[in-house]
Amino acid sequence: LPNDEVLELIEEYESKRYVNQVETTEELVKEVGPEYTISKLLPLTRDKFDQLTQQYNKKTRTVLNLKGSGVSAKTILRNKGVLPRVTDAISNLMTLIFDAAAAGNEEVVEQLVMDVVDAFWIVPNKRAERRWFIAKVGRMFAIWLRTTQGSRDAGLTWATVVSLMGRCLLSMFPAESS
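First, a word on scope: everything that follows refers to the structure included in this document.

Criteria and thresholds
- Residues numbered from 1 in each chain as written.
- Predicted model: local features only at pLDDT ≥ 70, side-chain atom pairs only at ≥ 80, totals over all residues.
- Heavy atoms only, no water.
- Salt bridge = Lys/Arg side-chain N within 4 Å of Asp/Glu carboxyl O.
- Helix = DSSP H or I, 4+ residues; strand = E, 2+ residues; numbered from the N terminus.
- Buried < 20%, exposed > 50% of the residue type's maximum accessible area, 1.4 Å probe, protein only.
- Core = buried A, V, L, I, M, F, W, Y, C linked by side-chain atoms within 4.5 Å.
- Contact = heavy atoms within 4.5 Å.
- Pairing = 2+ DSSP bridges.
- Axes fitted to C-alpha atoms, helices over the stretch in contact; angles between N-to-C directions.
- Phe/Tyr/Trp six-rings, centres within 6.5 Å; stacked < 30°, edge-to-face > 60°.
- Lys NZ or Arg CZ within 6 Å of the ring centre and 35° of its normal.

## Brief notes about the pattern of salt bridges
Here is step 1: What the rule picks out here adds up to four salt bridges.
Here is step 2: Between Asp-118 and Lys-16 there is a salt bridge whose closest N-O contact spans 3.2 Å. Of this pair, Asp-118 sits in the loop between helix 5 (86–102) and strand 4 (134–137) while Lys-16 sits in the loop between helix 1 (4–15) and strand 1 (19–22), and the two are 102 residues apart along the sequence.
Here is step 3: Given a relative accessible area of 28%, Asp-118 falls into the partly exposed group.
Here is step 4: Its relative accessible area of 35% is what places Lys-16 among the partly exposed residues.
Here is step 5: Salt bridges here are not isolated pairs; linked through shared partners, they connect Glu-12, Lys-16 and Asp-118.

Below you can see the structure in the form of structure tokens.
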């Protein structure tokens, strides 16, 4: 049986409609069909520093072990999305500052940060794909209703959505005319 922290996390996911829990294999078959794959649920715990309390707190999230259940091997990855890193933002900012200074401009360079809470959970998965994203949690089966962290296409799916969000956000800040 999983620890209490993981059970609470799955309950939280269900309350947010990220997963659907069913009790029996009959209910599972009704939800996803007779052919399905059950993956192990991997809890990932890390220490996160809280600036206000000046203490480390444990933060747990879950990932389906799709590689272990063979789901990843059945996935065809036609494209690969590359998500930006913090160093990309710093490098871009330094380039902007250097270019502005070299042009003799005394402009202020501003950077916009778009932080999305529960990012991967925003994008729903296709109903027909849910049979691949199931975990046994205690006596229940949890069916993932959203993009599954740990799936091979999750990064590309999220990169596609966030790039559109970024473009929409940037359109709210028109370039100043000279």
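## Looking at the nonpolar core
Here is step 1: Residues Ile-10, Tyr-13, Leu-41, Leu-64, Ala-135, Val-137 and Trp-144 are the most contacted members of the largest nonpolar core, which totals 16 residues.
Here is step 2: Breaking this core down by element, the ones donating at least two residues are helix 1, strand 4 and strand 5 (140–144).
Here is step 3: Looking at this core, the element that brings in the most residues is helix 1, giving four residues.
Here is step 4: Aside from chain neighbours lying at most four places away, what touches Tyr-13 is Tyr-18, Val-19, Arg-61, Thr-62 and Trp-121.

## Details of the environment of Val-63
Here is step 1: Positionally, Val-63 belongs in strand 3 (residues 55–65).
Here is step 2: Here the alpha-carbon distance between Val-63 and Gln-149, two residues 86 residues apart in the chain, equals 5.6 Å.
Here is step 3: Contact partners of Val-63, with chain neighbours within four places excluded, come to Lys-40, Leu-41, Leu-42, Leu-44, Gln-149 and Gly-150.

## Here's the deal with the sheet that holds strand 5
Across a sheet, strands are paired by hydrogen bonds formed along the backbone, either parallel or antiparallel in direction.
Here is step 1: The strand order 1-5-4-2-3 describes an open sheet built from five strands, whose pairing is mixed. Because the sheet does not close on itself, it has two edges, and the strands there are strand 1 and strand 3. Taken over all neighbouring pairs, the strand axes of this sheet differ in orientation by 35° on average, direction set aside.
Here is step 2: When strand 4 meets strand 5, the two strands line up antiparallel, connected through four bridges.

## Some details on the packing of aromatic side chains
Here is step 1: Tallied over the full model, the rule gives four aromatic pairs.
Here is step 2: For the ring pair Tyr-13 and Tyr-18, a centre distance of 6.3 Å and an interplane angle of 50° mean the geometry is tilted. For the pair shown, Tyr-13 and Tyr-18 are each scored as buried.
Here is step 3: Among the aromatic side chains, those forming a connected cluster through ring pairs are Tyr-13, Tyr-18 and Trp-121.
Here is step 4: Over the ring of Phe-141 we find Lys-136; its NZ or CZ atom is 4.5 Å from the centre of that ring.

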